[in-house]
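# Fold and contact review
Letter by letter, the chains look like this.
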Amino acid sequence: ISSFLHISTKSITVSGQIKYFIEVFTIQCARKHPNIFGKALITEIKKINILQQYVCSLMIISGNLIVGKYSDDFIKSSTLNQGEFDIKEIIAAVVPWLGSTQSFCRAIAQLLLHKLVPLAFPSVSNDSMSTDMEKVHNDWFFVKNTWLFLENNNEMQKLRKKQLRFFESYETDSVCTPEGIFRLGVDEIGESNPSYFQGIKQCLIDIGNENAAEVPEWKRMEEILHEYENDRQGGETGELVNFQRKILPVDTLNLTLENYKQQKRQNAAGRYRQSLIVCASLINKVTNLGGITRTAEIFAADKVLIPDSKICKMDNFKSISVGAGDWVTIEECKESDLLRWLKQCKKEGYEIIGVEQTSSSKSLSNAKFKGKSVLLLGKEKEGIPQEFLNVVDQCVEIPQLGVIRSLNVHVSGAICMWEYTKQMMMNAD
């Protein structure tokens, strides 16, 4: 089990979709072989320096088996209480994660301890028995006070309810059937995308940040509404009250997801993103990719596609893009996946516009852009390969008055992005 999980952490960064299926597979294996998993869990969770995506997966799997809908069967069928290994070992391994800087891991560690401590120390909730334990074990009060805090603290209770809903709704049996697999949605390149899973993660992260300096947006909304209501002097407040009734009772998860959608529609400057995707997957030079990203951010493009996400970490990319990579959405799409991605965009109503000189290319001054557009940029020397030209809706070329018949791909992309923006601004007026 642990070896299978390590596939996602040793050499490559695994996408969220694949990591999700790895977690589901491991949960199913652990349910069939609880003793093997119990030993592996103790070994893995005791490790000090664990990559973030690995410890998150470890916590999700542990939570499903120890506190989720499979917990009763897992604990009963395992030999945790029969001497093969001790629940106390798991408790000792989980305790350090209470201080994790990752709020998601920290929150699940709290949930695991709340469930495991009473199993290892049944007297923790019994005052008379607890007194007897204190006589035998001088350090008993450490365990007792930690559990009582998790049990009785108001914030811990609220957080625990939300976490339990997550694990109680986590379903692995149906996902492992053909019906369950085909029911999952797909992303822009046709890969399975269990989006609800990432949404719940984001919800838990925001909940964990409630007491941090950065208050979640949904919490700020609630506070603003209350302040507005208190400041109003007389008059009819029915409209505000109705607005509150519509928003405040909504589950935290729904508010978080809605807030996430709103954020995705806007750029860092607070302006709504244009429905323009700049596809630079055929470009290899980091300098060109940096310039394209900078221009895409300036014109509020929805996102930029590049052939390798590692490019974003290179110093020359950061320098040329002037930090634009922090403000515009950048996604990886390799050339081998590009044709499939373009076809998926067409299904979603995007028009594919190739920037290329062909016999049927329109002059950019005469081209008409639709709202939902993909700007496909070609390779530095070869341009756009024929297999991709076959799926474009129109090709455009930039009028040129000089002797040299080619522009740098970054310059071509910038001119086309401005032309698209100009047309959208004229249409809006």
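Residues numbered from 1 in each chain as written. Predicted model: local features only at pLDDT ≥ 70, side-chain atom pairs only at ≥ 80, totals over all residues. Heavy atoms only, no water.

### Quick notes on the overall build of the chain
Scanning the chain for helices and strands turns up 20 helices and 7 strands. Counting every position in the chain, which comprises 429 residues, the buried fraction comes to 45%. In the chain, once contacts between residues fewer than 6 apart in sequence are set aside, the share between residues at least 24 apart is 74%. Only carbon and sulfur atoms are counted for the fraction: they give 52% of the accessible area of the chain, which is about 23100 Å². (Helix = DSSP H or I, 4+ residues; strand = E, 2+ residues; numbered from the N terminus. Buried < 20%, exposed > 50% of the residue type's maximum accessible area, 1.4 Å probe, protein only. Contact = heavy atoms within 4.5 Å. Areas by Shrake-Rupley, 256 points an atom, 1.4 Å probe, with all protein chains shown as cover.)

### Description of the pairing of strand β1 (residues 276-279)
Note on strand geometry: in a regular strand, side chains alternate between the two faces of the sheet. With burial as the criterion, each face of β1 is covered, one bearing L276 and V278 and the other bearing I277 and C279. Strand direction decides the pairing type here: β1 and strand β6 (residues 373-377), joined by 4 bridges, are parallel. Within the sheet, the bridge partner assigned to V278 lies in β6 and is L375. When β1 meets strand β2 (residues 303-306), the two strands line up parallel, connected through 3 bridges. What sits directly across from C279, in β2, is L305. (Pairing = 2+ DSSP bridges.)

### A look at the confidence of the model for the chain
Here the chain averages 75 in pLDDT, while 68% of its residues score no lower than 70. Mean pLDDT across the secondary structure elements of the chain bottoms out at helix α14 (residues 238-247), with 44, and peaks at β6, with 96. Contacts for the low-pLDDT stretch residues 7-12, under 50 throughout, to residues beyond four places or in other chains number 8 contacts. Across residues 236-251 the pLDDT falls below 50, and counting only partners more than four positions away or on other chains, this stretch makes 18 contacts in the model. (pLDDT = per-residue confidence, 0-100.)

### Description of unusual backbone geometry
The phi dihedral of A300 is positive, around 55°, even though this residue is not glycine. By secondary structure assignment, the location of A300 is in the loop between α16 (286-298) and β2. Unusually for a residue other than glycine, V322 sits at a positive phi of about 55°. Summarising the element assignment, V322 is placed in the loop between α17 (315-321) and β3 (329-332).

### A word on the environment of E351
Residue placement: E351 occurs in strand β4 (residues 351-355). Linking E351 and Q394, residues 43 residues apart in sequence, is a C-alpha distance of 8.2 Å. Leaving out residues up to four positions away in the same chain, E351 has contacts with K368, F369, K370, K372, S373, V374, D393 and Q394.

### Looking at the packing of helix α7 (residues 103-120) against helix α10 (residues 154-169)
Where α7 contacts α10, the axes come no closer than 10 Å and their chain directions differ by 90°. Comparing their axes, α10 and α7 come out roughly perpendicular. On α10, the residues touching A107, I108, Q110, L111 and H114 of α7 are M156, L159, R160, Q163, L164 and F167. Class assignment for the residues of the contact of α7 with α10 results in 7 nonpolar, 3 polar and 1 charged. (Axes fitted to C-alpha atoms, helices over the stretch in contact; angles between N-to-C directions. Parallel < 35°, antiparallel > 145°, perpendicular 65-115°, else oblique. Nonpolar A, V, L, I, M, F, W, Y, C, P; charged D, E, K, R; others polar.)

### A look at the sheet that holds β3
Strands sit in the order β3-β2-β1-β6-β4-β7-β5 across an open sheet of 7 strands; the sheet is parallel. This sheet does not close on itself; its edge strands, each paired only once, are β3 and β5 (362-363). Sheet analysis places β2 next to β3, joined by 4 bridges and oriented parallel. Within β3, the residue paired with I306 across the bridge is E332. Seen against the sheet, helix α18 (residues 335-347) touches β1, β2, β4 and β6 and runs at an angle of roughly 155° to β6.

### Regarding α16
Helix length check: α16 (13 residues) gives 18 Å between terminal C-alpha atoms against 18 Å at 1.5 Å per residue, within 8%. For α16, every residue scored as buried is listed here: V286, N288, L289, G290, G291, I292, T293, T295 and A296. Check the buried side of α16 and you find it contacts β1, β2, α17, β3, β6 and α20 (409-428). A positive backbone phi angle near 55° is found at A300, which sits one or two residues after α16. (Expected span 1.5 Å × (residues − 1).)

### Focus on a nonpolar patch on the surface
Residues L407, V411 and I415 make up a contiguous nonpolar surface patch of roughly 200 Å² in combined accessible area. Following the sequence through the fold, I415 ends up in helix α20. Take I415: its relative accessible area is 31%, and that puts it in the partly exposed class. (Patch = residues over 30% accessible without salt bridge, like charges linked within 9 Å, V, L, I, M, F, W, Y side chains within 5 Å. Salt bridge = Lys/Arg side-chain N within 4 Å of Asp/Glu carboxyl O.)

### Section: the side chain of Q423
Along the polypeptide, Q423 turns up in helix α20. Judged by relative accessible area, Q423 falls into the buried class, the value being 11%. When neighbours within four sequence positions are excluded, Q423 is seen to be in contact with A367, K368 and F369.

### With respect to the packing of helix α3 (residues 34-45) against helix α6 (residues 87-94)
Where α3 meets α6, the closest approach of the two axes is 9 Å, and the angle between their N-to-C directions is 25°. Comparing the axis directions of α3 and α6 gives the class roughly parallel. Relative to α6, α3 is oriented so that their crossing is left-handed. Taken together, the residues of α6 that come into contact with α3 (itself represented by L41, I42 and I45) are E89, I90, A93 and V94. Taken together, the residues that form the contact of α3 with α6 break down as 6 nonpolar, no polar and 1 charged. (Left-handed = near helix turned anticlockwise from the far one by under 90°.)

### Structural notes on the nonpolar core
Among the nonpolar cores identified, the biggest contains 47 residues, and I45, M59 and I91 are the most heavily contacted of them. Residue assignment for this core shows that the elements contributing at least two residues are α2 (16-32), α3, α4 (52-66), α5 (71-77), α6, α7, α9 (140-152) and α10. Apart from residues lying up to four places away in sequence, M59 is in contact with I45, W97, C105, I108, A109, L112 and F167. (Core = buried A, V, L, I, M, F, W, Y, C linked by side-chain atoms within 4.5 Å.)

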